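Below are the chains, spelled out letter by letter.
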Amino acid sequence: MNIRIFEHEDDLNAAGAGIIASLLQTKPRATLGLATGSSPVGIYRHLTAMYHRNLISFAQVSTVNLDEYVGLSSDHPESYRSFMNKHLFDEVDIPLANTRVPNGNAPDLQAECAAYDRLIDDRGPVDLQLLGIGHNGHIGFNEPAESLIGGTHVVELDEQTRTANARFFDSIDDVPRQAITMGVASIMKARQILLIARGGDKADIIRRAFTGPITTACPASLLQCHPHVVVLLDREAGSRLS
Ligand code: F6R
């Protein structure tokens, strides 16, 4: 595992975008696994800037997103589809047909999960999976549990997760209680994983995930078993690593 700690936010974002850009330059038809939340926003901004400077193109790229809230329509401002359109897809030359986010409003959620797994298999293996990390160690929305699920599934969101994400909604009551998420097996199948974390509030979980035991009580700790993981941290998030 390659853990890098940055003094400056912009250097972290540039490093993350640089890893993705190198992949796209060597493999224009790459499949990217993408994440939402605060952590990847600066990287998407850098990628957009690189696209405008003609350094990279997304014209042949395919994407699969990690997760989506259940019960929000895709055009809801807080849906992860809206997030991706706003922060990346509408800003670059990717055909929207090449982008997939689980449909959290599907009439049959189990069928949607099965279809999403087939899609990941068809487009996969994912060349690079971008991840954030929850305060409880979740990756995607694979919340800590006695056992984890490999494939795409519907999950009950932890109250800690709903509380953390309430900042994007008018009130916590508006935060959905369920989500569709890619499972841990799908995440671990990616050829390369790039995890981003910022802020002192992530310092404890970063230490647990990458220096503690590998346990389903901290899903991100499973990444210790992956052969090609890069972790980019700001100084605060890395402050509890020795
Ligand atoms: C988002 C996702 C989540 C977030 C995590 C951290 O698609 O899968 O696992 O990466 O909750 O969120 P932020 O980056 O907002 O701290």
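As the structure is a computational prediction, the values presented were derived from the model and not from experiment.

Attention now moves to the site of the ligand. Near the ligand you find 14 residues, and of these S39, D67, H138, G140 and K202 are the closest. A distance of 2.8 Å separates an oxygen atom of the ligand from a polar backbone atom of S38. One of the backbone N or O atoms of G140 is found 2.7 Å from an oxygen atom in the ligand. In the complex, the protein chains occlude 94% of the 400 Å² of accessible area that the ligand would expose alone. Partitioned by chemical class, the residues of the shell around the ligand number three nonpolar, eight polar and three charged.

Here the focus is the pairing of strand β2 (residues 31–34). A two-sided burial pattern is seen for β2, the buried positions comprising T31 and G33 on one face and L32 and L34 on the other. Bridging between β2 and strand β3 (residues 62–65) involves four bridges; their strand directions are parallel. Bridge pairing in β3 links L32 to T63. Direction of pairing for β2 relative to strand β6 (residues 128–131): parallel, over a ladder of two bridges. Looking at β6, one finds that G33 is bridged to Q129.

This paragraph deals with the side chain of S79. As for its placement among the helices and strands, S79 is situated in the loop between β4 (67–69) and α3 (80–87). Among the polar contacts made by the side chain of S79, one reaches the main-chain amide nitrogen of S82 at a distance of 3.0 Å. Excluding residues that lie within four positions of it along the chain, S79 makes contacts with E68, L72, S73 and S74.

A few words now on the sheet that holds β2. Spatially, the seven strands line up as an open sheet ordered β1-β10-β9-β6-β2-β3-β5, and their pairing is parallel. Single-partner strands in this sheet number two, and they are β1 (2–6) and β5 (99–100). Bridge count between strand β9 (residues 192–197) and strand β10 (residues 229–234): five bridges; the pairing is parallel. From the neighbouring strand, A197 faces β10, where its bridge partner is L233.

Our next topic: the packing of helix α1 (residues 9–26) against helix α2 (residues 41–52). The N-to-C vectors of α1 and α2 enclose an angle of 60°; their axes lie 8 Å apart at closest approach. Judged by the inter-axis angle, α1 sits oblique to α2. Viewed along their axes, α1 and α2 form a crossing whose handedness is right-handed. Along the contact surface, α1 presents D10, N13, A14, G16, A17, I20 and A21, while α2 presents G42, I43, R45, H46, L47 and M50. Of the residues contributing to the contact of α1 with α2, the split by class is seven nonpolar, four polar and two charged.

Below, the discussion takes up α1. Its 18 residues place the ends of α1 26 Å apart at the C-alpha level, agreeing with the 26 Å of an ideal helix rising 1.5 Å per residue. All of the buried residues along α1 are L12, N13, A15, G16, A17, I19, I20, A21, L23 and L24. Tucked into the core, α1 has its buried residues touching β1, β2, α2, β6, β9 and β10.

This next bit is on the nonpolar core. Grouped together as the largest cluster of nonpolar side chains are 32 residues, with contacts concentrated most on I20, L32, L47, F58, L88 and L194. If you list the elements that add at least two residues to this core, you get α1, β2, α2, α3, β6, β9 and β10. Top element by residues in this core is α1. It accounts for eight residues. In this structure, I20 is in contact with L32, I43, L47, L128, L130 and L194, ignoring residues within four places of it in sequence.

Bringing the packing of aromatic side chains into the picture now. Within this structure, the stated rule accounts for four aromatic pairs. On the basis of an interplanar angle of 40° and a centroid distance of 4.8 Å, the ring pair of Y69 and Y80 is categorised as tilted. Highlighted residues: Y69 in strand β4 and Y80 in helix α3, separated in sequence by 11 residues. There is no split in this pair, since Y69 and Y80 are both buried. Consider the rings of Y80 and F141, whose centres lie 6.1 Å apart with planes at 25°: the pair is stacked. Here the residue Y80 occupies a position in helix α3, and F141 occupies one in the loop between β6 and β7 (153–156), the gap between them amounting to 61 residues. One exposure class covers both Y80 and F141, and it is buried. Through pairs of rings, three or more aromatic residues link up here, namely Y69, Y80, F141 and F169.

So, how was this worked out
- Residues numbered from 1 in each chain as written.
- Predicted model: local features only at pLDDT ≥ 70, side-chain atom pairs only at ≥ 80, totals over all residues.
- Heavy atoms only, no water.
- Near = heavy atom within 4 Å.
- Polar contact = N/O pair within 3.5 Å; in protein donor to acceptor, adjacent residues only side chain to side chain.
- Areas by Shrake-Rupley, 256 points an atom, 1.4 Å probe, with all protein chains shown as cover.
- Nonpolar A, V, L, I, M, F, W, Y, C, P; charged D, E, K, R; others polar.
- Buried < 20%, exposed > 50% of the residue type's maximum accessible area, 1.4 Å probe, protein only.
- Helix = DSSP H or I, 4+ residues; strand = E, 2+ residues; numbered from the N terminus.
- Pairing = 2+ DSSP bridges.
- Contact = heavy atoms within 4.5 Å.
- Axes fitted to C-alpha atoms, helices over the stretch in contact; angles between N-to-C directions.
- Parallel < 35°, antiparallel > 145°, perpendicular 65-115°, else oblique.
- Left-handed = near helix turned anticlockwise from the far one by under 90°.
- Expected span 1.5 Å × (residues − 1).
- Core = buried A, V, L, I, M, F, W, Y, C linked by side-chain atoms within 4.5 Å.
- Phe/Tyr/Trp six-rings, centres within 6.5 Å; stacked < 30°, edge-to-face > 60°.

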